[in-house]
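What follows is each chain in one-letter form.
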Amino acid sequence: MDLLLYGPGRPPKNMRQSWILACTLATGLGASTMALNANVPGLTPWAPLSQDADVTPQARFDALEKEAADARSAWSLRARAAREAGEAFDEANPNKAFVPRFAAAAKELAGTEGAVPFLWWCAVKTNFADESYMTLLRDHGKSPQLESMASSFGSLERYVGDNVDEALGYLQTIAEENPDPRVKAWATFGIHSPTINTAAIDSKEFTTAEAAIMAALKDLDDDRLKTTTGRAIGVRKKFSIGMVAPDIKGPDIGGETFSLSDYRGKVVFLDFWGDW
């Protein structure tokens with residue numbers, strides 16, 4: 001039985017490109033960035049960090065991140081009020097207006113630890129800025145701050161699009177050079193995830209990948225890391241094509257109890273769905 005799982009995927013290509021363009025253009029903007037933000041109601045025009053030497057990059061990030069969060073909260077309240085009133089609401093999520101500001105700060109701080117949280121915001125909070133994520137992998141492989149993003153290493157395609165092979169090369173460097181054992185382990189998992197996800201479970205490739213991941217986890221006390229890697233490996237071993245599906249028991253729409261095993265030898269279509 002082949003069980004196909006469908007979940008939230010990447011956004012349409014044209015949407016990804018618009019976000020990438022926003023972040024990419026912002027890395028080359030100066031005064032024009034201020035002009036852009038001046039046209040967005042409620043946003044404070046971006047100013048270079050160097051204008052105030054007493055403001056640390058982290059403090060600047062915290063202030064900008066709070067401003068973005070407050071804008072999203074206010075936007076959500078307006079959207080909710082419109083729904084409750086039965087009115088149309090077509091106001092865009094304010095995240096897009098903040099992208100140039102985070103990206104401009106990242107450019108000014110390029111190559112320093114101060115750039116990391118700004119790049120991380122662009123790469124993950126928008127989910128579209130592939131170049132920001134690649135910059136983190138390429139230029140900040142030794143940063144201790146990668147610990148906050150390391151759990152994403154197992155889902156590279158979501159963040160780097162078609163640049164997976166290049167990103168895997170950066171992960172190899174991170175696994176070898178980052179000082180944090182947890183970051184090393186997440187990088188090792190990311191490197192071997194494609195094999196774990198696609199190789200036959202009785203193949204040498206699968207066995208080698210599993211062994212490398214287990215070695216990286218040795219002596220680490222990180223429940224999330226162990227759960228994530230264990231689930232990835234366990235799912236392949238338990239639900240691969242050609243394996244016996246686990247028995248499922250429950251009431252049908254008529255209230256009668258049934259088991260999946262009752263239909264052994266027959267073609268069965270399973271539809272898993274949820275309501276929330």
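Residues numbered from 1 in each chain as written. Predicted model: local features only at pLDDT ≥ 70, side-chain atom pairs only at ≥ 80, totals over all residues. Heavy atoms only, no water.

Peer 1: Give a detailed account of the packing of helix H3 (residues 57-84) against helix H5 (residues 115-125), specifying residues and quantitative values.
Peer 2: Between H3 and H5, the least distance of the axes is 9 Å, while the angle of their chain directions is 25 degrees. Classified by the angle between their axes, H3 and H5 sit roughly parallel to one another. Contacts between H3 and H5 involve Pro57, Gln58, Arg60, Phe61, Leu64, Glu65, Ala68 and Arg72 from the first element and Pro117, Phe118 and Trp121 from the second. The class makeup of the residues in the contact of H3 with H5 is 7 nonpolar, 1 polar and 3 charged. (Axes fitted to C-alpha atoms, helices over the stretch in contact; angles between N-to-C directions. Helix = DSSP H or I, 4+ residues; strand = E, 2+ residues; numbered from the N terminus. Parallel < 35°, antiparallel > 145°, perpendicular 65-115°, else oblique. Contact = heavy atoms within 4.5 Å. Nonpolar A, V, L, I, M, F, W, Y, C, P; charged D, E, K, R; others polar.)

Peer 1: Can you explain the environment of Thr188? Please cite residues and give values.
Peer 2: Along the polypeptide, Thr188 turns up in helix H9 (residues 181-198). Using a relative accessible area of 12% as the deciding quantity, one classes Thr188 as buried. In sequence terms Thr188 and Ala209 are 21 residues apart; their C-alpha atoms lie 9.1 Å from each other. Leave out the neighbours within four places in its chain, and Thr188 touches Ala175, Ala212, Ile213 and Ala216. (Buried < 20%, exposed > 50% of the residue type's maximum accessible area, 1.4 Å probe, protein only.)

Peer 1: So what's going on with H9? Which residues, and what values?
Peer 2: Three- or four-residue spacings in an α-helix give side chains the same orientation, since the helix completes a turn every 3.6 residues. Helix length check: H9 (18 residues) gives 26 Å between terminal C-alpha atoms against 26 Å at 1.5 Å per residue, within 8%. At His192, H9 shows its strongest bend, of approximately 50 degrees, with the proline Pro194 following within four residues. Along H9, the positions that sit buried rather than exposed are Val183, Ala185, Trp186, Ala187, Thr188, Phe189, Gly190, Ile191, Ser193 and Ile196. The N-terminus of H9 is capped by Asp180, whose side-chain oxygen sits 2.8 Å from the backbone nitrogen of Arg182. (Expected span 1.5 Å × (residues − 1). Bend = angle between axes of the 7 residues up to and from the residue. Polar contact = N/O pair within 3.5 Å; in protein donor to acceptor, adjacent residues only side chain to side chain.)

Peer 1: Any chance you could break down the pattern of salt bridges for me, citing the residues and the numbers?
Peer 2: Where charged atoms of side chains with opposite charge meet at close range, the side chains can pair. For the structure on display, the rule yields 10 salt bridges. Among the ionic pairs, Glu91 bridges to Arg78, the shortest N-O distance being 2.4 Å. Taken together, the residues Glu91 in the loop between H3 and helix H4 (95-108) and Arg78 in helix H3 connect sequence positions 13 residues apart. In this structure Glu91 comes out as partly exposed when scored by relative accessible area, which is 33%. A salt bridge links Arg138 to Asp139; the nearest nitrogen and oxygen atoms lie 3.1 Å apart. In this structure Asp139 comes out as partly exposed when scored by relative accessible area, which is 43%. Taken together, the shared-partner salt bridges in this structure form one network comprising Glu131, Arg138 and Asp139. (Salt bridge = Lys/Arg side-chain N within 4 Å of Asp/Glu carboxyl O.)

Peer 1: I'd like a rundown of the nonpolar core, residues and numbers included.
Peer 2: Ranked by internal contacts, the top residues of the largest apolar core, which has 53 residues, are Phe102, Tyr133, Leu137, Phe153 and Leu171. Element by element, the count of residues in this core is highest for H5, at 9 residues. (Core = buried A, V, L, I, M, F, W, Y, C linked by side-chain atoms within 4.5 Å.)

Peer 1: Explain the packing of aromatic side chains residue by residue, including any values.
Peer 2: On inspection of all chains with the given rule, the structure shows 8 aromatic pairs. An angle of 55 degrees between the planes, with centres 6.3 Å apart, marks the rings of Trp75 and Phe89 as tilted. With a gap of 14 residues between them, Trp75 in helix H3 and Phe89 in the loop between H3 and H4 connect regions that are remote in the sequence. Seen in terms of ring centroids, Phe258 and Tyr263 are 6.4 Å apart; in terms of plane orientation they differ by 70 degrees. Their pairing is edge-to-face. Note on Phe258: relative accessible area 29%, which makes it partly exposed. Among the residues examined, Tyr263 registers a relative accessible area of 37% and is labelled partly exposed. Put simply, the rings of Phe61, Phe102, Phe118 and Trp121 touch in pairs and so form one group of aromatic residues. (Phe/Tyr/Trp six-rings, centres within 6.5 Å; stacked < 30°, edge-to-face > 60°.)

By themselves, these figures tell us nothing about what the structure is for.
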